[in-house]
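Secondary and tertiary structure notes
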There are 2 protein chains.
Amino acid sequence: MTHTIKDVAKLAGVGIATVSRVINQNGYVSPDTAKRVMKAMAELDFTPSPLARGLVSRKTATIGLVIPDVANPFFAEVARGTEDAAIAKGFTVILCNSDWKAEREKMYSKLLRQKWAEGVIAVGSRSSESSLRELIDPLPMVFVDRFTMLPGSDSVWSDNKKGGLLATQHLIDMGCRKLAHISGPTHSPASIARQKGFLLGIKEANVSWEIVKGDFRYRSGYDAGMELLTRDVPPDGIFAGNDLMAVGILQAAASLHIRIPDDLLVIGYDNIAMAEYVAPPLSTVDQPAYEMGRIAFDMLHKKMQDETRESRNVREFEPLLILRESTNRK
Amino acid sequence: MTHTIKDVAKLAGVGIATVSRVINQNGYVSPDTAKRVMKAMAELDFTPSPLARGLVSRKTATIGLVIPDVANPFFAEVARGTEDAAIAKGFTVILCNSDWKAEREKMYSKLLRQKWAEGVIAVGSRSSESSLRELIDPLPMVFVDRFTMLPGSDSVWSDNKKGGLLATQHLIDMGCRKLAHISGPTHSPASIARQKGFLLGIKEANVSWEIVKGDFRYRSGYDAGMELLTRDVPPDGIFAGNDLMAVGILQAAASLHIRIPDDLLVIGYDNIAMAEYVAPPLSTVDQPAYEMGRIAFDMLHKKMQDETRESRNVREFEPLLILRESTNRK
DNA sequence: GTGAAAGCGCTAACAA
DNA sequence: TTGTTAGCGCTTTCAC
């Protein structure tokens, strides 16, 4: 059914090495024979087998995308970004949902290495540095939303601590005196950093505060909101670890007839598409998910070409406060 | 670094064929040598190269998932379902965002065939039957959210037309007299079917109606809502082609101070996680996305084992009306 | 039961 | 400039 390099060689009346040369555009081939070979390839609708090719050249044009959960809009956007960038370069991406679990990350890293993926992009990875090193071993890798000092691995991230600080300060600037923070999963480095930012902001001001644990999912924001807002003295400002949870808080407030921003200010993180359209529109800290995905792939691609692989590039995005109704106190 | 079958053979003091036999558990191997080989494999931490293996056996333990857009929560859930099911069987999934574009679907189908994917799951595919046939050609395939009469291809779906009818009738039952439907992209078969259901429901009742085109994204629901609800005589019931757009309508209504369900009833489709938590909680038609993804993979897996591949299995889910506040008129 | 050898489709020396 | 040949790591006859 599909043809091999041999068929092409025979049809073009040349040796298989010559065909290989025109496929890979390396070595010397006279323009004339090249043309004949191309014609033969076209005629047979020939495409070289990546399997055979990979076997000898160790190149598979495949990368792994290790992500906590595609069902989270932020990660989904990142995934779209890398996928679009990858396909543009002829690369294929293997989807790996880690569910925030270190074992799953390990399992995948093994699988990817075994399948000869050429590189991996790890988003919001939970693994500790040492297991990352193991994970990474032979493959070039770039981290998204996770800073790393590991030599030879790139990262694209934004300073989540700073972002958390920005959000917190904004709440304080707007007059909040009793703050709450809904944190993300404890194994998310981004979540931890945002929380640190929160604590930093708190320390400088004379306000009371508390932290409730969430998991980055809508529901946990809603639940946390319900709990916090039914207290005797509810907070007057909430910084949620991500937008999804912030929206949950908005809904909890709505069902409790607590008005935003009159009685309560809410700010999220990520600036997902939804943030602009919820009621009231949500203030947040911007992270350009799609863009980050694209850039992560481009960095990886560059690194895959590079023999030495010793560079350690970091692309940092500035956390940007996006102010909308939800923190717009008159 | 990684070891080959040869190393194992040498260490175990046997031939490579024997090693191959114990890997694949076929052919005769004495329990004794088998044990020795296993020990050697363990000792070397050996895993066979899928590349070499695939080259000879045509098996890659890889499938393609062609999906319009992972950034859509419904599709993301389906993706999680198939990924979870796939990894459980040792399969790897290649992510293919088609963006609803037929060319992209074609491009991917070519790529997947070329890379020796063993099967593909196509979700909400837009391709016409004929190009599907071409797409499908050598590979087993299952369609999700897209019914097909193509021989040899399975599908898992729910009757979207019926679901659309259900939603529409519910609105009418609740006393709506001026209905609107926000449709999904015209190239989505599911969207078309839901719209048909809407028209069917309309025909039986004596109500006025109209259809506004959307694209299944949040923003288009919001925009459509803004347009419809600022008319002189706005509709009193809206059936959105999916939940994401329905939530957009909710927000549009909120910002226009239109009360739901007092002044307007809204119903969506899909029953995504968010639907339960928006304000007010959204009535919708249930489609078990995650489950559908799982089942799609299981069907595909079965078909991949099957030599003949001639069966045509269909797994249908009953569209289920989920009633919440957004259509709960007193 | 087990090993030697051929070959999957390709790339990369090495000759010519 | 081009063809021949030796593998890449594995599966699978076919002898023994």
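The shown structure was predicted, so the numbers you read here are calculated from the model rather than taken from an experiment. (Residues numbered from 1 in each chain as written. Chains lettered and ligands numbered in written order. Predicted model: local features only at pLDDT ≥ 70, side-chain atom pairs only at ≥ 80, totals over all residues. Heavy atoms only, no water.)

1. A look at the interface of chain A and chain B
Counting residues at the interface gives 46 residues for chain A and 47 residues for chain B. Contact between chain A and chain B buries roughly 4300 Å² in total, counting both sides, with carbon and sulfur atoms accounting for 64%. When residues of chain A are sorted by the area they lose upon contact with chain B, Leu51, Arg80 and Tyr277 of chain A head the list and together hold 18% of the total. At the surface where chain A touches chain B, the tally comes to eight salt bridges. At the junction of chain A with chain B, the criterion picks out 21 residue pairs in polar contact (both at pLDDT 80 or more). (Contact = heavy atoms within 4.5 Å. Buried area = accessible area lost by both parts, 1.4 Å probe. Salt bridge = Lys/Arg side-chain N within 4 Å of Asp/Glu carboxyl O. Polar contact = N/O pair within 3.5 Å; in protein donor to acceptor, adjacent residues only side chain to side chain.)

2. Looking at the environment of Gly124 of chain B
Residues and elements named next belong to chain B. By the secondary structure assignment, Gly124 is in the loop between β3 (119–123) and α7 (129–136). With 49 residues separating them in the primary sequence, Gly124 and Phe75 have C-alpha atoms 8.9 Å apart. Filtering out sequence-adjacent residues up to four positions away, Gly124 remains in contact with Pro68, Trp100, Val144, Asp145 and Pro189. (Helix = DSSP H or I, 4+ residues; strand = E, 2+ residues; numbered from the N terminus.)

3. Observations regarding the nonpolar core
Core analysis: the biggest nonpolar cluster contains 114 residues, and Ile121 and Ile182 of chain A together with Ile121 and Ile182 of chain B have the highest contact counts within it. When neighbours within four sequence positions are excluded, Ile121 of chain A is seen to be in contact with Ile63, Gly64, Leu65, Val66, Thr82, Val142, Val144, Ala296, Phe297 and Leu300 of chain A. In terms of nonpolar packing, the next biggest core, distinct from the first, is built from 26 residues, Tyr108 and Ala117 of chain A together with Tyr108 and Val120 of chain B among them. (Core = buried A, V, L, I, M, F, W, Y, C linked by side-chain atoms within 4.5 Å. Buried < 20%, exposed > 50% of the residue type's maximum accessible area, 1.4 Å probe, protein only.)

4. Some words on the UniProt feature "domain: HTH lacI-type" (unreviewed entry) in chain A
Residues annotated in UniProt with the feature "domain: HTH lacI-type" (unreviewed entry) correspond here to residues 4–57 of chain A. Here residues 4–57 of chain A is 72% helix and 0% strand, with 17 Å between the C-alpha atoms at its ends. (UniProt positions renumbered as here; feature names shortened; annotations may be inferred.)

5. Digging into the relation of the copies chain A and chain B
In the superposition of chain A on chain B (RMSD 0.2 Å, axial shift 0.0 Å), the rotation amounts to 180 degrees. Here the two chains are linked by the operation of a two-fold rotation axis. The rotation axis passes nearest to the C-alpha of Ile94 of chain A in chain A, at a distance of 2.2 Å. In this assembly the copies share their binding face: 98% of the residues contributing to the interface of chain A also contribute to that of chain B. (Least-squares fit on C-alpha atoms with pLDDT ≥ 70 in both.)

6. As for the packing of helix α5 (residues 73–88) of chain B against helix α12 (residues 289–305) of chain B
All names here are of chain B. Packing of α5 against α12 leaves a shortest axis separation of 7 Å and a crossing angle of 40 degrees. With respect to their mutual orientation, α5 and α12 come out oblique. The chirality of how α5 crosses α12 is right-handed. Facing α5, whose interface residues are Phe74, Glu77, Val78, Arg80, Gly81, Thr82, Asp84, Ala85 and Ala86, α12 presents Ala289, Tyr290, Gly293, Arg294, Phe297 and Asp298. Grouping the constituent residues of the contact of α5 with α12 by class yields seven nonpolar, three polar and five charged. (Axes fitted to C-alpha atoms, helices over the stretch in contact; angles between N-to-C directions. Parallel < 35°, antiparallel > 145°, perpendicular 65-115°, else oblique. Left-handed = near helix turned anticlockwise from the far one by under 90°. Nonpolar A, V, L, I, M, F, W, Y, C, P; charged D, E, K, R; others polar.)

7. What to know about the sheet that holds strand β6 (residues 178–183) of chain A
Residue and element names in this part refer to chain A. Strand order across the open sheet formed by four strands is β7-β6-β8-β9, with parallel pairing between neighbours. In this open sheet, the two strands that pair with only one neighbour each are β7 (208–213) and β9 (265–267). Pairs of neighbouring strands in the sheet enclose a mean axial angle of 15 degrees, with direction left out of account. Alignment of β6 against strand β8 (residues 237–240), held across four bridges, turns out to be parallel. Considered in β8, the bridge of Ile182 is made with Ala240. (Pairing = 2+ DSSP bridges.)

8. Section: the packing of aromatic side chains
Residue and element names in this part refer to chain A. If you walk through the whole model with that rule in mind, you get 14 aromatic pairs over all chains. With a centroid separation of 6.4 Å and an interplanar angle of 40 degrees, the aromatic rings of Phe239 and Tyr269 are classed as tilted. Here the residue Phe239 occupies a position in strand β8, and Tyr269 occupies one in the loop between β9 and β10 (284–286), the gap between them amounting to 30 residues. Considered together, Phe239 and Tyr269 belong to a single accessibility category, that of buried residues. (Phe/Tyr/Trp six-rings, centres within 6.5 Å; stacked < 30°, edge-to-face > 60°.)

9. Let's talk about the environment of Gly293 of chain A
Tracing the chain through its elements places Gly293 of chain A in helix α12 (residues 289–305). Leave out the neighbours within four places in its chain, and Gly293 of chain A touches Val78, Gly81 and Thr82 of chain A.

10. Observations regarding empty space enclosed by the protein
Enumeration over the complete set of coordinates arrives at six cavities of 30 Å³ or more. What lines the largest cavity is a set of 14 residues, among which Leu51, Thr62 and Lys115 of chain A together with Leu51 and Thr62 of chain B lie closest to the centre. Broken down by secondary-structure element, the contributors of at least two residues to the lining of the largest cavity are α4 (50–57) and β2 (92–97) of chain A together with α4 (50–57) and β2 (92–97) of chain B. Grouping the constituent residues of the lining of the largest cavity by class yields six nonpolar, six polar and two charged. (1 Å grid on protein atoms, 1.4 Å probe; cavity = no way out; pocket = protein on both sides within 12 Å on 5 of 7 lines; lining within 4 Å. Points joined across faces, edges and corners; volume = space filled by probe spheres on them.)

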